[in-house]
Amino acid sequence: MIKSEVYVNHTHWSNYWQSGVQTSLPQDFKDNYDGEIYYLWEQVVSRLNSGARVVDACTGNGAVALILADIALKQQKQLIITAVDISEINTQYIKENNPKEQIAMINFKSHCPIERLADLINDQQDAIVSQFGLEYSDLTQSAVALHNLMKENGELSFIAHSPKSAVFTYMDLESRIYTWLDEIGLFAIIKKFIAGQVSANGLKNGIVSVIENNKPDTSYLGHGLFQSWQKTMFMLIKQPNQQLKQQKQSLSLFVTQHQAAQKRLQDMLNVAMKVSKNNWYQPFVDCGFELEESNDVLYKNQHHIGRYYRFRSMVLEKP
Ligand SMILES: C[S@@+](CC[C@H](N)C(=O)[O-])C[C@H]1O[C@@H](n2cnc3c(N)ncnc32)[C@H](O)[C@@H]1O
């Protein structure tokens, strides 16, 4: 029996994938990951034989699985790829936005926690890959599950978030902006309007008063999140009351999406704390994975985007 508290609440991730995005960093990688990240996965596929079985754990909308399939096609290899995530994968979006030949190589499985992977997938795997994923799981349980699923000498390759990465500086600021928006009461006043507890004029006056009484930190001003809220708030103030009343549904979506984004950010920041410990991956070593390589991943030769780890699956000797 698996304890339920080991899983992050994943609804905010499901919503995110259903909103139609390919990667977890859409501002930098709208279509799919490229550059040094693509090259790294190219090295992994080069080490695999045609016919190899590979799992992409915490696949999201399949970004890495699709990259592996693309490379396999270029290298004229047939891989059997299973892409799994605890959240709801948006297969419709994937089909509409990626080549058929790549998709044909991948079996997508939603609602699949990696802590239980060995129970959910029957075939032993030649390789397991993951990107910005394993560190979200309960490492003690997922390490055992991955080891049980892997063939002897199989390769576990993953890119993990790194607290050093530029992404985190950006996310930290974004998270502070969300907290500030919450604290000054902007979320609350919009929610009250949606629930019919304040009138359209009440909403407008509420927003004006919040803006007049709260000075944002200067570091927020150039940030896209802050600017998009600023634009939306000015639009709401200027809108005729009748139109405003008709927009409750889209306002409700706006609030839900931003609250989900705030939760995802919090998840990522918690994970950054987790991986800031030097031996955070010790559970993998303890259950029989041997570390072969570990490097910082620099994107476009300068942006620190994460850390790459390559492990080999060994059979543990009995004490
Ligand atoms: C930052 S996203 C990365 C997605 C994708 N690999 C990418 O690079 O675009 C993290 C993903 O991990 C998934 N996840 C979190 N905990 C998980 C778990 N215990 N088992 C399986 N998936 C999990 C989330 O649902 C989310 O889709």
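Residues numbered from 1 in each chain as written. Predicted model: local features only at pLDDT ≥ 70, side-chain atom pairs only at ≥ 80, totals over all residues. Heavy atoms only, no water.

## Some thoughts on the domain arrangement of the chain
The assigned domain composition of the chain is domain 1 (9-163 + 276-313) and domain 2 (167-269). Relative placement of domain 1 and domain 2: their C-alpha centres are 34 Å apart. Counting residues at the interface gives 11 residues for domain 1 and 9 residues for domain 2. Each partner contributes to the roughly 1,000 Å² buried at the junction of domain 1 and domain 2, and carbon and sulfur atoms together form 68% of this total. Counting every contact that joins domain 1 to domain 2 gives 0 salt bridges. Where domain 1 packs against domain 2, one counts 3 residue pairs in polar contact (both at pLDDT 80 or more). The element contributing the most residues to the side of domain 1 that touches domain 2 is helix 1 (residues 11-18), with 3 residues. Here the residues of the side of domain 1 that touches domain 2 sort into 6 nonpolar, 5 polar and no charged. (Domains from an automatic or database assignment. Contact = heavy atoms within 4.5 Å. Buried area = accessible area lost by both parts, 1.4 Å probe. Salt bridge = Lys/Arg side-chain N within 4 Å of Asp/Glu carboxyl O. Polar contact = N/O pair within 3.5 Å; in protein donor to acceptor, adjacent residues only side chain to side chain. Helix = DSSP H or I, 4+ residues; strand = E, 2+ residues; numbered from the N terminus. Nonpolar A, V, L, I, M, F, W, Y, C, P; charged D, E, K, R; others polar.)

## Concerning helix 10 (residues 200-213)
Compared with an ideal rise of 1.5 Å per residue, which puts 14 residues at 20 Å, helix 10 spans 20 Å between its outermost C-alpha atoms and is within 8% of the ideal. Residues of helix 10 that are buried: Ala200, Leu203, Lys204, Gly206, Ile207 and Val210. Buried residues in helix 10, looked at end-on, bunch into an arc of 165°, giving them a common side. Helix 10 presents Asn205, Glu212 and Asn213 as exposed residues on the side facing more than 90 degrees away from its buried surface. Against the buried residues of helix 10 lie helix 9 (186-194), helix 11 (224-238) and helix 12 (241-246). (Expected span 1.5 Å × (residues − 1). Buried < 20%, exposed > 50% of the residue type's maximum accessible area, 1.4 Å probe, protein only. Arc of directions from axis to C-beta.)

## With respect to the sheet that holds strand 4 (residues 125-131)
In space, the 7 strands of this open sheet follow the order 3-2-1-4-5-7-6, with mixed pairing throughout. Strand pairing shows two members of the sheet lacking a second neighbour, strand 3 (106-109) and strand 6 (289-299), which therefore form its edges. Here the strands of the sheet are splayed against their neighbours by 15° on average, with no regard to which way each runs. Sheet topology places strand 4 next to strand 5 (residues 150-160); 6 bridges connect them, and they run parallel. Within the sheet, the bridge partner assigned to Gln125 lies in strand 5 and is Met150. Lying over the sheet, helix 2 (residues 35-46) contacts strand 4, strand 5, strand 6 and strand 7 (303-313), oriented at roughly 175° with respect to strand 5. (Pairing = 2+ DSSP bridges. Axes fitted to C-alpha atoms, helices over the stretch in contact; angles between N-to-C directions.)

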